[in-house]
Amino acid sequence: SFLGFMGVIGYLVSEKMKEDEKSEACELLEEKIGRLENYLYELEERLGVSSDEVKEKIIEMYAEGKELFVIENALNVPRPKIEAVLKSYKSKAKEDIFG
């Protein structure tokens, strides 16, 4: 009975260690995603979607449900620029919703 108890304790400890490792890996991935998003934003700022008119057209086409490749081809704008504009648009929309 003592051996069974120790087996259960050992199992629980090993599962807790696995859970902690997964949690740490998840946090690391979230940090990497954040850095990648910042890098993409900075790159987009350097490349710059200079025209507010183009930004408005991108947002309008996205709101209509157009796919990214359709927007890319229709406006002759690189996909990273479109994604940056949409990311900014979505974050502003979240701010408007959540205050």
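Quick note: structure is the one above.
What counts, and where the lines are drawn
Residues numbered from 1 in each chain as written. Predicted model: local features only at pLDDT ≥ 70, side-chain atom pairs only at ≥ 80, totals over all residues. Heavy atoms only, no water. Helix = DSSP H or I, 4+ residues; strand = E, 2+ residues; numbered from the N terminus. Contact = heavy atoms within 4.5 Å. Axes fitted to C-alpha atoms, helices over the stretch in contact; angles between N-to-C directions. Left-handed = near helix turned anticlockwise from the far one by under 90°. Nonpolar A, V, L, I, M, F, W, Y, C, P; charged D, E, K, R; others polar. Salt bridge = Lys/Arg side-chain N within 4 Å of Asp/Glu carboxyl O. Buried < 20%, exposed > 50% of the residue type's maximum accessible area, 1.4 Å probe, protein only.

## Regarding the environment of Ile59
With respect to the element layout, Ile59 can be found in helix α2 (residues 52–63). Here Ile59 is in contact with Val85 and Tyr89, once residues within four sequence places are set aside.

## A short note on the packing of α2 against helix α3 (residues 68–75)
Look at α2 against α3: their axes get within 10 Å of each other, and the N-to-C directions meet at 145°. When you trace α2 past α3, the crossing you get is right-handed. Only Val70, Ile71, Ala74 and Leu75 of α3 make contact with α2, whose side of the interface consists of Val54, Lys57, Ile58, Met61 and Tyr62. The class makeup of the residues in the contact of α2 with α3 is eight nonpolar, no polar and one charged.

## A word on the pattern of salt bridges
In this structure the tally under the stated criterion is six salt bridges. A salt bridge links Lys16 to Asp20; its shortest N-O distance comes to 3.6 Å. Taken together, the residues span about one helical turn, with Lys16 and Asp20 both in helix α1 (residues 2–47) at a distance of four residues. Judged by its relative accessible area of 46%, Lys16 is partly exposed. According to the relative accessible area criterion, Asp20 is partly exposed, its value standing at 35%. When the shortest N-O distance is used, the salt bridge between Glu72 and Arg79 registers 3.9 Å. Glu72 sits in the partly exposed class, given a relative accessible area of 25%. Overall, Arg79 belongs to the partly exposed group, its relative accessible area being 33%. Each of Glu72, Arg79 and Glu83 takes part in one network of salt bridges that share partners.

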